[in-house]
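# Structural overview
Chain by chain, the residues run as shown.
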Amino acid sequence: MNLRIAWRNIWRNKKRSLITISSVVLAVVLATFTRSFQEGTYELMIENAIGKFSGYVQVHQKDYWEDKSLDNGMELSDSLIRTILSTQNVEGVNIRIESFSLASNKNNTKGTLVMGIEPKKEDSLIDLSNKIIKGAYFNKHDKGILIGSKLAQYLELDVGDSLVLMGQGHWGNTAVGIFPVKGIVKMPAPNIDRQIVFMPLKTAQEYFSFPNGATSLVIKFKDADLTQKICNRLNSRLDTTQYKAMSWQKMSPEMLQQIQSDRISGIMMLNILYMIIAFGIFGTVLMMTEERKREFAMMIAIGMQKTKLAIITLYEALIMNSLGIIIGIGLSIPLVVYYHYYPIEMSGEMAKSIEKFGMEPVLPTMISFKIILKQALTVLIITIVAAAYPLWSILKLNVIKGLRR
Amino acid sequence: MSIIQIESLKKTYRETEVEVHAVNGIDLSFEAGEFAAIVGPSGSGKTTLLNLIGGLDSPTEGKIVINNTNISNLSASQIIDFRLWNIGFVFQAYNLIPVLTAKENVEFIMHLQGRKKQEREQRTKDLLTSVGLGNRLNSRPSQLSGGQQQRVAVARALASKPKFVLADEPTANLDSKSTENLLDIMEKLNREENITFIFSTHDARVVKKAHRVITIEDGKVVSDERK
Ligand SMILES: Nc1ncnc2c1ncn2[C@@H]1O[C@H](COP(=O)(O)OP(=O)(O)O)[C@@H](O)[C@H]1O
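Attention in this report is confined to the structure presented alongside it. All figures in this text were calculated on a predicted structure; none of them were measured in a lab.

Helices and strands together make up the secondary structure of chain B, namely 7 helices and 10 strands. The C-alpha radius of gyration computed for chain B amounts to 17 Å, which stays within 12% of the reference 17 Å derived for 227 residues, consistent with globular compactness. Structurally, chain B occupies a C-alpha span of about 50 × 40 × 40 Å along its principal axes. The burial tally for chain B puts 55% of its 227 residues in the buried class. Look at the contacts in chain B between residues 6 or more apart in sequence, and 70% of them connect residues 24 or more apart. When the accessible surface of chain B is split by element, carbon and sulfur atoms take 44% of a total near 10100 Å². Placing the 29 positive and 28 negative side-chain charges of chain B at their respective mean positions leaves the two points 7 Å apart.

Attention shifts here to the pattern of salt bridges. Here the structure, examined in full by the defined rule, presents 26 salt bridges over all chains. Close ionic contact of Lys121(A) with Glu118(A) constitutes a salt bridge, the shortest N to O distance being 3.3 Å. Salt bridges here are not isolated pairs; linked through shared partners, they connect Glu34(B), Arg212(B), Asp224(B) and Arg226(B).

So, on to a nonpolar patch on the surface. Residue and element names in this part refer to chain A. Judged by side-chain polarity, Ile333, Val337, Tyr338, Tyr341, Tyr342, Ile367, Phe369 and Leu373 come together as a nonpolar surface patch covering roughly 810 Å² of accessible area. If you list the elements that add at least two residues to the nonpolar patch, you get α12 (306-341) and α14 (369-395). Sorting elements by how many residues they give to the nonpolar patch places α12 first, with 4 residues.

It is worth spelling out the site of the ligand at this point. Taken together, 13 residues form the shell around the ligand, and within it Arg404(A), Gly43(B), Lys46(B), Thr47(B) and Thr48(B) come nearest. Within the contact set of the ligand, an oxygen atom lies 2.7 Å away from a backbone nitrogen or oxygen of Gly43(B). Thr48(B) places a side-chain nitrogen or oxygen 2.5 Å from an oxygen atom of the ligand. Sorting the residues of the shell around the ligand by element identifies β1 (2-15), β2 (18-31) and α1 (46-53) of chain B as the ones contributing at least two each. The element best represented in the shell around the ligand is α1(B), accounting for 3 residues.

Right, let's get into helix α11 (residues 293-301) of chain A. Within α11(A), 9 of the 9 residues are buried, which leaves it mostly tucked inside the rest of the structure. Among the residues of α11(A), Lys293(A), Arg294(A), Glu295(A), Phe296(A), Ala297(A), Met298(A), Met299(A), Ile300(A) and Ala301(A) are the ones counted as buried.

Before going further, it helps to examine the packing of helix α1 (residues 2-12) of chain A against helix α2 (residues 14-54) of chain A. All names here are of chain A. Packing of α1 against α2 brings their axes to within 5 Å, and their N-to-C directions diverge by 95°. Comparing their axes, α2 and α1 come out roughly perpendicular. Residues Ile10, Trp11 and Arg12 of α1 form the contact with α2, whose participating residues are Lys14, Ser17 and Leu18. Looking at the contact of α1 with α2 residue by residue, the classes come out as 3 nonpolar, 1 polar and 2 charged.

Moving on, we get to the pairing of strand β9 (residues 196-200) of chain A. Residue and element names in this part refer to chain A. β9 sits mainly inside the fold: 5 of its 5 residues count as buried. As paired elements, strand β4 (residues 108-117) and β9 share 5 bridges and run parallel to each other. In the sheet register, Ile117 faces β9, and the bridge partner there is Pro200. When strand β6 (residues 145-148) meets β9, the two strands line up antiparallel, connected through 2 bridges. When the sheet's bridge partners are listed, Leu146 is paired in β9 with Phe198.

Rules used throughout
Residues numbered from 1 in each chain as written. Chains lettered and ligands numbered in written order. Predicted model: local features only at pLDDT ≥ 70, side-chain atom pairs only at ≥ 80, totals over all residues. Heavy atoms only, no water. Helix = DSSP H or I, 4+ residues; strand = E, 2+ residues; numbered from the N terminus. Rg over C-alpha atoms; globule rule 2.2 N^0.38 Å. Buried < 20%, exposed > 50% of the residue type's maximum accessible area, 1.4 Å probe, protein only. Contact = heavy atoms within 4.5 Å. Areas by Shrake-Rupley, 256 points an atom, 1.4 Å probe, with all protein chains shown as cover. Lys, Arg positive; Asp, Glu negative; His and termini not counted. Charge placed at Lys NZ, Arg CZ, Asp CG, Glu CD. Salt bridge = Lys/Arg side-chain N within 4 Å of Asp/Glu carboxyl O. Patch = residues over 30% accessible without salt bridge, like charges linked within 9 Å, V, L, I, M, F, W, Y side chains within 5 Å. Near = heavy atom within 4 Å. Polar contact = N/O pair within 3.5 Å; in protein donor to acceptor, adjacent residues only side chain to side chain. Axes fitted to C-alpha atoms, helices over the stretch in contact; angles between N-to-C directions. Parallel < 35°, antiparallel > 145°, perpendicular 65-115°, else oblique. Nonpolar A, V, L, I, M, F, W, Y, C, P; charged D, E, K, R; others polar. Pairing = 2+ DSSP bridges.

Spelled out as structure tokens, the structure:
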């Protein structure tokens, strides 16, 4: 009987109930959507700059990170590589040698990051060959180089042209060389695309006069969530008077910070959205309660306990709100999944300003059921709080006053 | 034996500076089977008196004993249950739950009492038939006329098998034909089933039908006549 009354009361004012349900739906969809985009953007940012570039964990000579000069590089040894490879969950290691150099072509000069890599291995990490927009990928003993597309544009270089590089080598040697451009790669992170020069490890070691030298060992493993664990494991197994393993959070604290502060401002925006929705729902609940005070008073007068009456209004709220939340979740899932695979691509000014922050100008969503559930739950709590008002007003209702209306 | 005993009853409303003695020292008693009208001009205290008898309001002074229970001694939730089991109510208007049909409205109160479905259904049909609405069981209140709604309210008031029925100006919003019709039904129930009715009115035609007429003015009983 109580449920029947509740159900019919919902359909008594169809328009208002539909508005209430839709506002709950909208709340869930908007909230999950915003959060999914937010987290998706971070995910992409980390993926581009970390997962597919620096790696989640790197091992360096212990002073290298403080002073990134080749003089703080390391001499490679089989035992070092073996120790790393035999660490639990570690699946591979990529040897890199990197340092800054000046690149010039005709009248243009620019600071670049020269990175010596193992062509085959890095291809599977950075997915470099797929990023080539012109020319071809290099092989192990290639003397040719790959350069970022923005750098190529700046230096007016094309495939087949030669690039002059000049910088500091190992132990005070001068590094100088002329390298043919074998290919142009488009790196997703714009700040990398603007300054990167890739060359095969051997070629780089020669250029820097540091045979068998390296600056960074990129540790490969499958699950990014293991970052901290693997970092700790490596540090406990390596000779820490010589080497040090670092997580990406330590290596790129500014990115972590940027994400965290952005996340906070996003969540604040969301809180404003929640507040608007809460007031909207509260408004309808308030109207509904005021309109029915006379009816409530009559029901109490003829002998209905206030608590029973309160349960009816609670049923009403729960039916409407859970309907809204279920529909909201139902709509959110396909939207979130769709925009994960077909992210929004920004263009024009917007794209430019996003690129300035070193991010790719696309907005994908993160597919996370946790986000959806969390938002749905938050909306549910808001609606329950809003539904508390009629309960409270029923328990406080003065029957005589109610009847006199 | 009287079912309702009222002794030196007073109700004072305090609104800002002014005190309104809505009920100002009333002694009355009602027997089972009465068909009593409380009459008096508007503002004389009829509604207040009925609300006090019905346990909807609590007196400033004096006491009301119903079936040996001093209702002032009951807690807020006990008094609600007391009303459910002992008193039938008919109000001026908006008596019914709008989302329920006539049948469901009558059944509703028995549902609150926890009566069995079979009993509920049988009794609902009987009661609605006896108020002349046997063919409108499934109509919603909005589909019924004012007079029909009041008849459903009477049926609902009786459904709980109360000791008596309180009706505050039950005909106030009805035309003369419906008024007569409602009164006839109430009188018939009183005569045939010995249902006790106490109702207020300022309608002379209604007063004529009453078996006892209690006149109040300024919160006091000025005459109490039995016919
Ligand atoms: N809740 C209240 N607050 C203040 N005054 C009230 C209240 N209820 C009734 N009164 C006053 O008490 C008097 C009696 O009212 P009422 O019992 O409604 O009379 P009647 O039903 O005979 O018209 C009136 O003067 C009315 O204004």
